[in-house]
Amino acid sequence: MDYFIELFCSGLTRGSIYALIALGYTMVYGIIGLINFAHGEIYMIGAFTSFIVATVLSIYGFPLAAIVVVAGVAAAIWSSAYGYTVEKIAYKPLRHAPRLAPLISAIGMSILLQNYVLLAQTSDFLPFPELIPEFAFMEPIAHIIGSSDIVILLTTTVVMLALTFLIKFTRIGKAMRATAQDRTMALLVGINVDRVISATFIIGSALAAIGGLLIASHIGQINFAIGFIAGIKAFTAAVLGGIGSIPGAVLGSLILGLTESFATGYISSDYEDVFAFSLLVLILIFKPSGLLGKAETKKV
Amino acid sequence: MITVKEVKKSLLVSLWFVFLTFPLMVIKVNPYERTVSWRWSNMLYVAIGTFVISLLAKAWFVRKERRMARQQDSCRSRTPIIQKILQRPGYRYPLAAFLLGAALAFPQLFSTYQANIMTTALMYIVLGLGLNIVVGVAGLLDLGYVAFYAVGAYSYALLNLHFGMGFWTVLPIGGLLAALFGVLLGFPVLRLRGDYLAIVTLGFGEIIRLILENWNAFSKGPSGISNISRPGFFGMEMSLDQAMIYMYYLMIGLLLVTIFVVNRLQDSRLGRAWLALREDEIACQAMGIDKTRTKLIAFSLGAFWAGLIGVIFAAKTTFVNPASFTFMESAIILSIVVLGGMGSIVGVILGALILVLLPEYLRALSEYRMLAFGAILVAMMIFKPEGLIAGVRRVYCYQGRKRNTALKNDE
Amino acid sequence: MMNKLILEVSGLTMDFGGIRALDRLDLDVRSKEIVALIGPNGAGKTTFFNCLTGIYLPSNGDIRLVSPQTGKESRLNGLKPNKITEKGVARTFQNIRLFSQMTVLENVMIGRHCRTSSLILGAIFRGRKTRKEEQETIDKSYEILEKVGLAEQANEFASNLSYGAQRRLEIGRALATEPFLLLLDEPAAGMNPQETADLVSLILQIRDEDHAILLIEHDMKLVMTLSDRIFVMDYGEKIAQGTPAEIRVNRAVIKAYLGEDVESDNA
């Protein structure tokens, strides 16, 4: 039974990190109808930035609390800046091009960013500094759920609530929902659509950066290639929940996290990634609109 | 041509990139020795590099706008010089004959090592031409193309290992097996929208690779299969050099066949239907085109070619392992098609030669190979989506009612 | 004049979620007839075309097609769009959907797709049968282009044509599929008077060549001169049907087009 609970908890942790990345996919898709292939790379850059900042600070002897805060903020800032720049360079000029064009451009961006980090830093796996200490009060249940799991779950919950608030009640949130429904109409009622799109990329990237920081400190190592797999998995989660739907992304991520956790725990860990990919292929074939998504009607 | 305002803007862009690249380009930490190195010189390179690129991009857009304006005045489209040469049959055949002669003489003039590199380039040309049917002509973004390549390679490796089957027997089998995989995958997924198709094929490619990596009993896992026989030539014994040169001529032969077939396919009822599908699926269906079937044919034909080259790859290197079939391989082939020009045979050939030979000969650049591929995909979409050499539409002539015959110009 | 029945629609209903776009619609078309479908914007006319051509799957009702040549009867519900085209129904689109990166001639040649059969091997080896088929495709396509007055521009890109010419090319492309029933979705939209006049004579010529025509149109002058019969729709329902003369004086129609005020003014 303990094993089951352990797997359940680690599944939830995985799922909540997928959710942080999946939200970026789903938000961008909702607004401009593009699969942002480079999103996984934005997450990787977030992890790398927090790695660099945290390591530098720890070498210079800063206290742990300061390191965590500064690394988190830096990751969010730089990831957002990358997300913003990627949109301006690779997607904005192609907003009226045939559908294949921004998709190819996105794949190009993904490859570009991956290799940029590879060349600027290294291809080796790097040890990520331990940012989340083992809490003393967690001792009795430490064998089923670790401290970092708890921190991850709490952080994700807070971030989700903040995002919900932002989208439901703020001006930019309302503008985002309006643009997602009908871009032309949003433009006509005076919404600055370019700014809304930029905001979407910035918010999505910041979420991914937080995800990057959390997972890097959870797993304990990073590498330039982590964005690719994480990106595809988060995308799977977004599609599973129904791409374009924010609650869908969270639901899909949790389901994916739990599925992976149980499948690797009870079946085999060799095929961990195969489960996710197969799930993706199956959903797209049998229910492309996902669990909470709307089916698309063709306009003729 | 470039105003002060634009220079100022470019300076801002450059400043932004200095900020953007600061943590990754400037700081480098060594977590084991706990040291930090500050690489300030990189900041300077970034500043200068982005400033120049930004100015060039601006200048390009200005020029493009002017050209558009001119074109509207004169109502004539400008065709690039290469295209003009290609369109004239008078130049075309001598040029083709010259190229073929040069290709045939190549191994005699240069070393076997060079011929070997050329063989690789030729393989990428054929892979590009195969993917071109799928992406360039039919507009189906297939990101898992490498999976079919792997199917071909592994079918030769395994059939050779277990049953001792020879290259020439397996060549068609590998192609057909890959095509079969194409049909099996294509049947359910080709109904999907373009971007979903891209993701599913990407996922499929990864699944195939992961299975090859983990199913040790079947594929010998990450260590791969070695000692695969080279292709035979009527039972002749060949030295390594001879075998490589033989491989080269074999690829030239396959390339010629491929060009012939792809050219004929593009210029046929099927080819027209693919082009039309790329543009508007609903209109196509309303014109009586069976969407799924037509796509499936394109998809499996592309897979067939990947399978053929897979077999050749296994025979050339005499060794296969899953590491040769990563997503990056698909990305390289896609870059070839995009750079060369979607739907254009000459374009794909040129694209493959540039992308395979440049990093091969400029060793210093080979480190930046993948970076460049990514940049090419983005830059081509923004600046020149039709590629280096755009596909040319055929002109058909009809000689009036009396003689119900028509003369055809070639492309 | 009682021609053979070729299309009979009965009780056709189409729901989108909670919205009923078509409500138990009945309609029939006979051979060599020009039938117009009119109604205010949003009445469901294009939805009706989409149901007819298999782009939407109707929620309820029956669509029967009878070939005037063979007398064979078939039910269109649930058939794929390309099958319906094969059975002899072709259409044009309200918002022009040409293949803009292909030449004018190639656009028409695409229309011949479902009347030809060569596939991979035919394309590669180009045997006698394939060559003959290709030649026929080219010739027939040219003839159609002459009919719609675009033979001169055969080798230009479709996107370079003027608006009126693009509409005519759409008709030509539809004709290439050899339909006996041609559906035209607002063929005169955006045309100038000269272009409209040319269009009228083109439509009449097509009718005389044994095609039945069902058209959606807002240009009332065109509808009244061309049509043998008119169906009027509003909010997904059929509110009237009859000859142009009957429709002209129909109260329900006037009400739908001009609103309640006219009704009370007259009263």
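Anyway, here's the lowdown on the structure attached to this text. (Residues numbered from 1 in each chain as written. Chains lettered and ligands numbered in written order. Predicted model: local features only at pLDDT ≥ 70, side-chain atom pairs only at ≥ 80, totals over all residues. Heavy atoms only, no water.)

### Some points on the sheet that holds strand β7 (residues 181-185) of chain C
Residue and element names in this part refer to chain C. Pairing in this open sheet of six strands is mixed, and the strands run β6-β7-β8-β3-β9-β10 from one edge to the other. Looking at which strands have only one partner, the edges of the open sheet turn out to be β6 (89-91) and β10 (237-242). Across the sheet, the mean angle from the axis of one strand to that of its neighbour is 20°, orientation sign disregarded. In this sheet, strand β9 (residues 229-234) lies alongside strand β3 (residues 34-38) in parallel orientation, the contact comprising four bridges. Residue pairing across strands places Leu37 opposite Phe231, the latter belonging to β9. (Pairing = 2+ DSSP bridges. Helix = DSSP H or I, 4+ residues; strand = E, 2+ residues; numbered from the N terminus. Axes fitted to C-alpha atoms, helices over the stretch in contact; angles between N-to-C directions.)

### Description of helix α6 (residues 171-181) of chain A
Residues and elements named next belong to chain A. Those residues of α6 that fall on the buried side of the exposure criterion are Gly173, Ala175, Met176 and Thr179. For α6, the arc enclosing every buried residue in end-on projection is 160°, short of the 170-degree limit, so these residues lie on one face. Exposed and facing more than 90 degrees away from the buried side of α6 are Arg171 and Gln181. At its buried positions, α6 is contacted by α1 (2-32), α5 (147-169), α7 (183-188) and α8 (193-219). (Buried < 20%, exposed > 50% of the residue type's maximum accessible area, 1.4 Å probe, protein only. Arc of directions from axis to C-beta. Contact = heavy atoms within 4.5 Å.)

### Structural notes on the packing of aromatic side chains
Counted under the stated rule, the structure contains 32 aromatic pairs over all chains. Pairing A:Phe262 with A:Tyr266 gives two aromatic rings, centres 6.2 Å apart and planes at 10°, and the pair type is stacked. Of the two residues, A:Phe262 and A:Tyr266 both sit in helix α10 (residues 246-267), four residues apart, roughly one turn of that helix. Note that C:Arg173 overlies the ring of C:Phe99, its terminal NZ or CZ placed 4.8 Å from the centroid. (Phe/Tyr/Trp six-rings, centres within 6.5 Å; stacked < 30°, edge-to-face > 60°. Lys NZ or Arg CZ within 6 Å of the ring centre and 35° of its normal.)

### Focus on the interface of chain A and chain B
Residue-level contacts link 63 residues of chain A with 59 residues of chain B. In this assembly, chain A packs against chain B so that about 5,500 Å² is buried in total across both faces, 79% of it on carbon and sulfur atoms. Inspection of the chain A/chain B interface yields 10 residue pairs in polar contact (both at pLDDT 80 or more). Elements represented by at least two residues in the side of chain A that touches chain B include exactly α2 (39-59), α3 (64-91), α4 (100-120), β1 (126-127), α9 (226-241) and α11 (272-286) of chain A. When residues of the side of chain A that touches chain B are assigned to their parent elements, the largest contribution, 16 residues, is made by α4(A). Of the residues that constitute the side of chain A that touches chain B, the class distribution is 47 nonpolar, 11 polar and five charged. (Buried area = accessible area lost by both parts, 1.4 Å probe. Polar contact = N/O pair within 3.5 Å; in protein donor to acceptor, adjacent residues only side chain to side chain. Nonpolar A, V, L, I, M, F, W, Y, C, P; charged D, E, K, R; others polar.)

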